[in-house]
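Structural features, examined
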Amino acid sequence: MGKIHSPQSRLFTEEVPKLPSTRYLGSKRKIAHWIWQQIQHLEFECFLNAMSGTAVVGYLAKRFGKRVFCNDILAFNYQVALALVENDSETLTPAEIELLLTPHPDIDYPTFIQDTFEGIYYLQEENRWLDMVVTNINVLLENPYKRALAFAALGQACLVKRPFNLFHRKNLYIRLKDVKRSFGNKTTWDTPFPAHFRNFVGEYNSLVFSNGRYNRAFNKDVFELELDEPVDLVYLDPPYLPVRGDKPDYHFFYHFLEGLVDYEHWSERIDYSHRIRPICYTPSPWTDPDRIRSAFERLFEKFHKVKYIVLSYNSMGIPSEEELLSMLRRYKQHVELKKKPHQYVLSRDRPDELLFVAY
Ligand SMILES: C[S@@+](CC[C@H](N)C(=O)[O-])C[C@H]1O[C@@H](n2cnc3c(N)ncnc32)[C@H](O)[C@@H]1O
């Protein structure tokens with residue numbers, strides 16, 4: 001029988017920590033260890049992952065014993081950070097998983113997803129399943145970390161069953177067309193939701209651990225984030241706006257996951273005039289070539305007192321690497337730039353991944 005490690009001892013026995021699997025645009029999962037190699041020698045204890053997305057970088061910092069704050073403007077990402085970074089010990093038991101996957105005669109299940117998204121993202125029987133499971137999570141789970149684990153697993157299950165892993169198009173037909181495919185994964189799309197859900201809960205359960213620090217997750221616009229305690233390293237990974245190509249509109253791409261975690265209010269937030277039924281939102285400066293430079297200025301200004309500012313960006317983005325270097329030099333004496341060739345999930349280009357380390 002293999003040696004059983006307590007959650008605490010697991011921290012010290014793994015040299016290359018396992019990271020949660022994800023299908024998220026701009027996720028640093030594949031290069032998180034490279035990022036860590038560039039910064040691990042720096043003297044810091046408290047790590048702020050200020051635009052944390054899947055929270056993989058914050059999770060890695062937690063693995064290496066740092067105190068971690070994660071923040072993202074999207075409520076779904078907040079649930080992931082709650083589940084994997086703030087959560088020290090709660091997991092979903094096999095009995096709770098079965099409870100979530102079973103319809104209960106005493107619960108009156110709403111039909112919101114079936115009524116609103118028919119023919120858009122999933123089959124109607126899958127929409128019915130989603131209405132049931134999300135209601136079970138809300139009604140049957142009280143513990144916020146167990147709920148967060150359930151939402152994180154449910155969101156991943158939703159992502160893997162979507163062409164392109166996004167919710168930006170009414171393209172259920174791509175899944176259903178009987179043609180030879182050069183992309184996508186029909187087996188994954190056709191695997192039933194409960195099987196995906198069980199897999200992701202199993203995976204996420206196995207990643208829960210305590211590093212002995214008080215780690216926290218937040219769901220704020222980064223410009224409004226106020227922490228009670230100082231941090232000594234802020235890691236910034238804003239949406240990457242390419243010189244050419246699609247805008248990284250995270251609210252638009254992931255609106256369905258935002259709705260799932262706010263099921264009760266989802267109907268009031270939808271733009272019904274739009275064929276994909278997105279949640280209404282204020283356009284972001286990070287998707288606007290005319291406003292993105294001032295957004296970077298504001299970001300650096302906001303964090304200029306933090307000992308280390310570490311920024312991920314891309315060599316084919318707006319602003320350019322020279323512009324970012326000169327902006328950072330206004331706040332910090334030393335600015336180092338590290339580069340790594342990196343291919344984004346949906347891109348044919350092969351730009352460099354940039355990592356600015358300013359102090
Ligand atoms: C490139 S992704 C981050 C990816 C992340 N490092 C990872 O590995 O998954 C950019 C993130 O910034 C978030 N974001 C966009 N505008 C934001 C804002 N104003 N405040 C906080 N987060 C924001 C998006 O929701 C998205 O998750």
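Residues numbered from 1 in each chain as written. Predicted model: local features only at pLDDT ≥ 70, side-chain atom pairs only at ≥ 80, totals over all residues. Heavy atoms only, no water.

Description of the overall build of the chain
Helix and strand content of the chain: 16 helices and seven strands. Since a compact globule built from 359 residues should have a radius of gyration of about 21 Å, the 21 Å found for the chain is in line with a globular shape. By principal-axis analysis of the C-alpha atoms, the chain measures approximately 65 × 50 × 40 Å. The 359 residues of the chain split such that 56% are buried. At a minimum sequence separation of 6, the contacts of the chain that also span at least 24 residues come to 73%. In the chain, which carries 46 positive and 46 negative side-chain charges, the distance between the mean positions of the two groups comes to 6 Å. (Helix = DSSP H or I, 4+ residues; strand = E, 2+ residues; numbered from the N terminus. Rg over C-alpha atoms; globule rule 2.2 N^0.38 Å. Buried < 20%, exposed > 50% of the residue type's maximum accessible area, 1.4 Å probe, protein only. Contact = heavy atoms within 4.5 Å. Lys, Arg positive; Asp, Glu negative; His and termini not counted. Charge placed at Lys NZ, Arg CZ, Asp CG, Glu CD.)

Here's the deal with the packing of aromatic side chains
On inspection of all chains with the given rule, the structure shows 34 aromatic pairs. Measuring from centroid to centroid gives 4.6 Å for Y24 and Y254, while their planes differ by 25°, and the two rings are stacked. Of the two residues, Y24 is situated in the loop between α1 (7–13) and α2 (32–39) and Y254 in the loop between α12 (250–253) and α13 (255–260); the sequence distance between them amounts to 230 residues. No difference in accessibility class separates Y24 from Y254, as the two residues are buried. Where Y240 meets Y313, the ring centres are 5.8 Å apart and the plane angle is 85°; that geometry is what we call edge-to-face. Placement of Y240 in the loop between β4 (233–236) and α12 and of Y313 in strand β5 (residues 308–314) is noted, with a sequence separation of 73 residues between them. There is no split in this pair, since Y240 and Y313 are both buried. Each member of the aromatic cluster is reached from another via a ring pair, and the members are F112, F117, Y121, Y122, W129, F167, F193, F197, F256, Y263 and W266. The ring centre of F209 lies 3.8 Å from the NZ or CZ of R63, which sits over that ring. (Phe/Tyr/Trp six-rings, centres within 6.5 Å; stacked < 30°, edge-to-face > 60°. Lys NZ or Arg CZ within 6 Å of the ring centre and 35° of its normal.)

Considerations on the site of the ligand
With respect to spatial proximity, 22 residues lie near the ligand, and among them Y24, K28, T54, D72 and D237 are the closest. Measuring from an oxygen atom of the ligand, one finds a side-chain N or O atom of T54 at 2.6 Å. Contact with the protein chains covers 96% of the free accessible surface of the ligand, which is 600 Å². A class-by-class count of the residues in the shell around the ligand yields ten nonpolar, seven polar and five charged. (Near = heavy atom within 4 Å. Polar contact = N/O pair within 3.5 Å; in protein donor to acceptor, adjacent residues only side chain to side chain. Areas by Shrake-Rupley, 256 points an atom, 1.4 Å probe, with all protein chains shown as cover. Nonpolar A, V, L, I, M, F, W, Y, C, P; charged D, E, K, R; others polar.)

Quick notes on helix α15 (residues 292–302)
When we look at burial in α15, the residues that qualify are I292, A295, F296, L299 and F300. For α15, the angular spread of buried residues about the axis comes to 130°, placing them on one side. Looking at the packing, one finds that the buried side of α15 touches β4, β5 and α16 (321–329). (Arc of directions from axis to C-beta.)

As for the domain arrangement of the chain
Here the domain parsing of the chain yields domain 1 (1–89 + 213–249 + 284–359) and domain 2 (90–207 + 250–282). Computed over C-alpha atoms, the centres of domain 1 and domain 2 are 26 Å apart. At the interface, 31 residues of domain 1 touch 30 residues of domain 2. Each partner contributes to the roughly 2,900 Å² buried at the junction of domain 1 and domain 2, and carbon and sulfur atoms together form 58% of this total. Of all residues in domain 1, R23, F76 and D249 bury the most surface against domain 2, accounting for 27% of the area lost on that side. Linking domain 1 with domain 2 are one salt bridge. The tally of links from domain 1 across to domain 2 stands at 15 residue pairs in polar contact (both at pLDDT 80 or more). Broken down by secondary-structure element, the contributors of at least two residues to the side of domain 1 that touches domain 2 are α3 (56–63) and α4 (75–86). A per-element tally of the side of domain 1 that touches domain 2 places α4 first, with eight residues. Tallied by class, residues from the side of domain 1 that touches domain 2 come to 16 nonpolar, seven polar and eight charged. (Domains from an automatic or database assignment. Buried area = accessible area lost by both parts, 1.4 Å probe. Salt bridge = Lys/Arg side-chain N within 4 Å of Asp/Glu carboxyl O.)

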